[in-house]
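Report on the structure
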Amino acid sequence: MGNRLIGRLPKVGIRPVIDGRERGVRESLEEQCMAMAKNAAKLIEDNLRFASGEGISCIIADTTIGGVAEAARRNGRIIVIETDADLTLPLRPNAIKRCLTNLVENAVRYGNHVDITARRNGESVEVVIEDDGPGIPRESQEEVFKPFFRLDDSRNPNYAGAGLGLAIARDIARGHGGDILLDKSSTGGLRATLWLPI
């Protein structure tokens, strides 16, 4: 029955719409794949240099955090940054940029106001990202680091992610000898603390 009805639909009026949508989806996927391939190539290059003992100096405060925050501001979010003047570390810059981007994107996805602070704390640097969103229940704060794990869509019904952002961010942090910890922010949202050894 269903097949017979579809076969009688006017082809002239239906196919251009379907073709246009298919073409748009295909082009979008191709662009995303190209961007992912370029980013992966940069990360591999950084990893090889880092593994060989060639540390890459990265000014985490001005260059990396500033660039990530500016991209979020263009989406209409309020981003406040407070950092120490000189936080230069031997890092893989493309990897750390991806790590911070994932954390900031997670914050602006669920909150409207984001505070980013970067401080030296003894023999480590801590980057704290706080938002005013709904937060993550304490019992799920470790679960969200598992690949493909996603919380209830009610946190942001307009977003359907793959559940990889935080997993990738923590993997990068631990690859540098650091880690990412989650807690409740002072505004009731989420606090993500990235710490990296100096």
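Refer to the structure above for everything that follows.
The structure reproduced in this document is the subject of the present report. It should be emphasised that the depicted structure is a prediction, and the values quoted were computed from it without experimental measurement.

1. Section: the side chain of Ser124
As for its placement among the helices and strands, Ser124 is situated in strand β5 (residues 124-131). If we skip the residues at most four places from it in the chain, Ser124 touches Arg119, Trp195, Leu196, Pro197 and Ile198.

2. A word on empty space enclosed by the protein
In this structure the tally under the stated criterion is 1 cavity of 30 Å³ or more. The space that makes up the largest cavity amounts to roughly 40 Å³. Lining the largest cavity, in full, are Leu103, Asn106, Ala107, Ile129, Asp131, Leu166, Leu182, Leu190 and Ala192. Looking at the lining of the largest cavity, the elements that each hand over two or more residues are α4 (93-110), β5 and β7 (190-197). Tallying contributions element by element places α4 first for the lining of the largest cavity, with 3 residues. Residue classes in the lining of the largest cavity are distributed as 7 nonpolar, 1 polar and 1 charged.

3. A word on the pattern of salt bridges
Within the structure shown, the criterion is met by 9 salt bridges. Of the charged contacts, one joins Arg119 and Glu82 as a salt bridge, the two residues approaching to 3.5 Å between their closest N and O atoms. You can see Arg119 sitting in strand β4 (residues 113-121) and its partner Glu82 sitting in strand β2 (residues 78-83), a full 37 residues away along the chain. Take Arg119: its relative accessible area is 33%, and that puts it in the partly exposed class. Of the charged contacts, one joins Arg170 and Asp179 as a salt bridge, the two residues approaching to 3.1 Å between their closest N and O atoms. Accessibility assignment for this pair places Arg170 and Asp179 in one class, buried.

How each quantity is defined
Residues numbered from 1 in each chain as written. Predicted model: local features only at pLDDT ≥ 70, side-chain atom pairs only at ≥ 80, totals over all residues. Heavy atoms only, no water. Helix = DSSP H or I, 4+ residues; strand = E, 2+ residues; numbered from the N terminus. Contact = heavy atoms within 4.5 Å. 1 Å grid on protein atoms, 1.4 Å probe; cavity = no way out; pocket = protein on both sides within 12 Å on 5 of 7 lines; lining within 4 Å. Points joined across faces, edges and corners; volume = space filled by probe spheres on them. Nonpolar A, V, L, I, M, F, W, Y, C, P; charged D, E, K, R; others polar. Salt bridge = Lys/Arg side-chain N within 4 Å of Asp/Glu carboxyl O. Buried < 20%, exposed > 50% of the residue type's maximum accessible area, 1.4 Å probe, protein only.

Taken by themselves, the reported measurements are silent on function.
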